[in-house]
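# Fold and contact review
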Amino acid sequence: MQFYYGVQNVLRALDEAEFWKHQEAEHAGLIPAVTPNLEHQYVKRLEQLGVELYHMNAEAVKYIESATRSRGMVNRGLKTQMLNLVSQCVEQSKVFVGLMEEMLQNSHAVRASQVSQTVIHHMIRESQYFIGIDQLVLE
């Protein structure tokens, strides 16, 4: 993401959040699919987090639609709400990364599957990319 858009950076950050929340929700569903015998505790946590990620994606879409209707002329109150949502999205991604790192360390099923490990490492890198990009906008 380029940072020379000035006041539009909030909208760019919101676009990133919308995209990555959708990606992470899909990733939450993919992990059990590629990990034979994944422990029930992780399956349940991933299912719950997947629902939360899709919810956050829907919230981002609502704000994007508001910005579209306002033709990019976002007032201070709406901008503050957008930044709060982006901040929540970043924190949610940190939780997701933490869960994936926990699975890499503690899940026997993940440790037994090189494919699962590779996929999860890739997902962590993608979520960390989002965290890094949107944290810059929040600073």
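So, a few notes on the structure that sits alongside this text. Because the structure is a prediction, the values reported are computed rather than measured. (Residues numbered from 1 in each chain as written. Predicted model: local features only at pLDDT ≥ 70, side-chain atom pairs only at ≥ 80, totals over all residues. Heavy atoms only, no water.)

### Quick look at the overall build of the protein chain
Note the threshold: We count a stretch as a helix when DSSP gives it H or I for four or more residues in a row; a strand needs E for two or more, and each element gets its number in order from the N terminus. Throughout, exposure labels follow a simple rule: accessible area from a 1.4 Å probe, protein chains only, divided by the maximum for the residue type, with under 20% read as buried, over 50% as exposed, and the rest as partly exposed. Residues are treated as being in contact if the distance between any of their heavy atoms lies within 4.5 Å. Every accessible area reported is derived by Shrake-Rupley at a probe size of 1.4 Å, with residue values counting cover from the shown protein chains alone. Charge counting follows a simple rule: Lys and Arg are positive, Asp and Glu are negative, and His as well as the terminal groups are ignored. The location of each charge is read from NZ of Lys, CZ of Arg, CG of Asp or CD of Glu.
Per the secondary structure count, the protein chain includes five helices and zero strands. Listing each helix as α and each strand as β along the protein chain from the N terminus yields α-α-α-α-α. For the protein chain, the spread of C-alpha atoms along the principal axes amounts to about 50 × 25 × 15 Å. When the 139 residues of the protein chain are sorted by exposure, 42% land in the buried category. Across the protein chain, the fraction of contacts at a sequence separation of at least 24, relative to all contacts at a separation of at least 6, is 77%. If you sum the accessible surface of the protein chain, you get close to 7,700 Å²; carbon and sulfur atoms cover 53% of it. Taking the average location of the 12 positive side-chain charges in the protein chain and that of its 16 negative ones, the two points are 5 Å from each other.

### As for unusual backbone geometry
Unlike most non-glycine residues, Asn37 shows phi in positive territory, near 60 degrees. Here Asn37 lies in the loop between helix 1 (9-34) and helix 2 (40-69).

### Notes on the packing of aromatic side chains
Rules: Each Phe, Tyr or Trp ring, with Trp reduced to its six-membered ring, pairs with another whose centre is within 6.5 Å; inter-plane angles below 30 degrees give stacked pairs, above 60 give edge-to-face pairs, and intermediate values give tilted ones.
For the structure shown, the criterion picks out two aromatic pairs. Both rings, one in Phe19 and one in Trp20, keep their centres 4.9 Å apart while their planes meet at 85 degrees; by these two values the pair is edge-to-face. A relative accessible area of 41% means that Phe19 is categorised as partly exposed. Residue classification places Trp20 among the buried residues on the basis of a relative accessible area of 9%. An aromatic cluster is defined as three or more aromatic residues linked by ring pairs; in this entry it consists of Phe19, Trp20 and Tyr129.

### Things to note about the nonpolar core
Heads up, the condition is: In plain words, nonpolar cores are sets of buried Ala, Val, Leu, Ile, Met, Phe, Trp, Tyr and Cys residues tied together by side-chain atoms within 4.5 Å.
Core analysis: the biggest nonpolar cluster contains 38 residues, and Ile31, Leu38, Leu46, Met82, Met100 and Met103 have the highest contact counts within it. Among the secondary structure elements, those contributing two or more residues to this core are helix 1, helix 2, helix 3 (76-106), helix 4 (108-111) and helix 5 (114-138). At 12 residues, the largest contribution of residues to this core is made by helix 3. Sequence-distant contacts of Met82, that is, excluding residues within four places in its chain, are made with Val10, Leu11, Leu14, Tyr63, Ala67 and Val74.

### Re the pattern of salt bridges
Put simply, the rule is: Salt bridge, as applied in this entry: a Lys or Arg side-chain nitrogen positioned within 4 Å of an Asp or Glu carboxyl oxygen.
Taken as a whole and judged by the stated rule, the model has five salt bridges. Put simply, Lys62 and Glu59 hold a salt bridge, and the shortest N to O gap is 3.2 Å. In this pair, Lys62 and Glu59 both sit in helix 2, three residues apart, roughly one turn of the helix. When the shortest N-O distance is used, the salt bridge between Glu91 and Lys94 registers 3.3 Å. Of this pair, Glu91 and Lys94 both sit in helix 3, three residues apart, which is roughly one turn of that helix.

### So, the packing of helix 1 against helix 3
For clarity, the threshold we go by: Inter-axis angles, ranging from 0 to 180 degrees, are taken between N-to-C directions of lines fitted to C-alpha atoms, where helices are fitted over the stretch in contact. Note on angle classes: values under 35 degrees are labelled roughly parallel, values over 145 roughly antiparallel, values of 65 to 115 roughly perpendicular, and the remainder oblique. Each crossing gets its handedness from the near helix: less than a right angle anticlockwise from the far helix is left-handed, clockwise is right-handed. Classification convention: Asp, Glu, Lys, Arg as charged; Ala, Val, Leu, Ile, Met, Phe, Trp, Tyr, Cys, Pro as nonpolar; all other residues, Gly among them, as polar.
At a minimum axis separation of 10 Å, helix 1 and helix 3 run at an interaxial angle of 30 degrees. Judged by the inter-axis angle, helix 1 sits roughly parallel to helix 3. Two packed elements cross with a definite hand, and for helix 1 against helix 3 that hand is left-handed. On the side of helix 1, the interface is formed by Val10, Leu11, Ala13, Leu14, Ala17, Lys21, Glu24, His27, Ala28 and Ile31, while helix 3 contributes Lys79, Met82, Leu83, Leu85, Val86, Cys89, Gln92, Ser93, Phe96, Met100 and Met103. Tallied by class, residues from the contact of helix 1 with helix 3 come to 15 nonpolar, three polar and three charged.

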